[in-house]
Amino acid sequence: MKRASEFRAQAREALSGRWGAAVLATFVAGLLGADITMSGGGSASGLGSSVGKAIDKQTGSGSGDINSFSGSFPSFSTSALIYMMTAVMVVFLIVAAIGIIRFIVGSFVSLGLIQYNLDMIDGKEVEFGQIFSKSSMLGKAVWLRLRMVIFTFLWTLLLIIPGIIKAYSYSMAGFIMTENPEMSAKEAMEVSMKMMDGNKWRLFCLEISFIGWMILSIFTLGVGLLWVVPYENAATAAFYDEISRKPII
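Below, the structure is looked at part by part.

### A short note on the environment of Leu146
Position of Leu146 relative to the elements: it lies in helix α6 (residues 138-158). Separated by 42 residues in the primary sequence, Leu146 and Ile104 place their C-alpha atoms 9.3 Å from one another.

### Section: the side chain of Asp119
Structurally, the position occupied by Asp119 is in helix α5 (residues 78-121). Buried charged residue Asp119 carries no salt bridge. Nearest counter-charge: Lys124, at 4.1 Å. Of note is the side chain of Asp119, whose polar atom sits 2.7 Å from the side chain of Gln130. Every residue in contact with Asp119, bar those within four places of it in the chain, is listed here: Lys124, Val126 and Gln130.

### Points about helix α2 (residues 19-31)
Between the first and last C-alpha of α2 there are 18 Å, a value that for 13 residues agrees with the 18 Å anticipated at 1.5 Å per step. Within α2, burial applies to Ala22, Val23, Ala25, Thr26, Val28 and Ala29. Taken together, the buried residues of α2 touch α1 (4-15), α5 and α12 (225-243). With its phi angle positive at about 100°, Gly33 sits one or two positions after the end of α2.

### Describing a nonpolar patch on the surface
A contiguous nonpolar surface patch, about 1000 Å² in accessible area, is contributed by Trp201, Phe204, Ile208, Ile211, Trp213, Ile215, Leu216, Ile218 and Phe219. Counting residues per element, the ones that place at least two in the nonpolar patch are α10 (200-208) and α11 (211-218). Broken down by element, the nonpolar patch gets its largest block of residues, five residues, from α11. Looking at where Ile215 falls in the secondary structure, it is placed in helix α11.

How each quantity is defined
- Residues numbered from 1 in each chain as written.
- Predicted model: local features only at pLDDT ≥ 70, side-chain atom pairs only at ≥ 80, totals over all residues.
- Heavy atoms only, no water.
- Helix = DSSP H or I, 4+ residues; strand = E, 2+ residues; numbered from the N terminus.
- Buried < 20%, exposed > 50% of the residue type's maximum accessible area, 1.4 Å probe, protein only.
- Lys, Arg positive; Asp, Glu negative; His and termini not counted.
- Salt bridge = Lys/Arg side-chain N within 4 Å of Asp/Glu carboxyl O.
- Polar contact = N/O pair within 3.5 Å; in protein donor to acceptor, adjacent residues only side chain to side chain.
- Contact = heavy atoms within 4.5 Å.
- Expected span 1.5 Å × (residues − 1).
- Patch = residues over 30% accessible without salt bridge, like charges linked within 9 Å, V, L, I, M, F, W, Y side chains within 5 Å.
- Areas by Shrake-Rupley, 256 points an atom, 1.4 Å probe, with all protein chains shown as cover.

So, in structure tokens, the structure goes:
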């Protein structure tokens with residue numbers, strides 16, 4: 001079995017001479033809400049914090065300004081309060097709408113990004129437009145992603161650890177559906193669970209091996225992630241390429 005270092009080496013080889021194209025494709029896909037494991041990226045998980053920040057901006061009530069806000073509250077007129085609450089509601093609806101749109105669009109773009117990386121690992125020619133190549137699978141892609149989120153959330157209600165384990169169990173479902181578009185979301189998740197049996201720790205180790213690059217990206221104000229994310233995506237595709245070749249019992 002290959003180690004994390006071997007998957008990274010395979011990813012670097014696949015990306016050689018294609019870094020620019022891969023960075024662009026991954027960046028655009030990310031903006032649209034795509035995530036190669038379909039577990040985050042375009043989800044509305046950051047909705048709460050985003051709305052919280054927006055509310056702070058609208059009301060002027062940061063965490064350290066509660067007293068000052070409460071002290072000036074009586075000076076607000078009814079019309080001003082109505083305006084303020086309306087503005088907060090508008091901000092909330094806009095942020096929620098953007099989150100939902102990114103979740104939907106990002107679902108099929110995730111499958112396209114998966115195909116892009118699988119082809120790159122196989123040494124095939126890749127094109128930017130491939131990230132949109134699975135638009136015909138919109139319904140299936142959205143249902144798969146939603147189903148993964150729901151099941152992971154339900155397992156997380158038991159304890160955090162079971163939720164994390166299940167997230168790894170479902171992580172290859174997007175890859176499986178990409179290569180087997182006739183499969184249902186349920187079937188893709190079931191095959192992923194069988195495929196990841198005994199491989200969850202290996203994927204965890206692969207992801208952890210990028211922690212150094214992630215930390216270095218902090219010193220570039222996040223710019224380094226433009227290269228780290230495509231690198232990790234390609235390594236994940238290489239990981240899937242290996243484990244998918246073994247028969248599933």
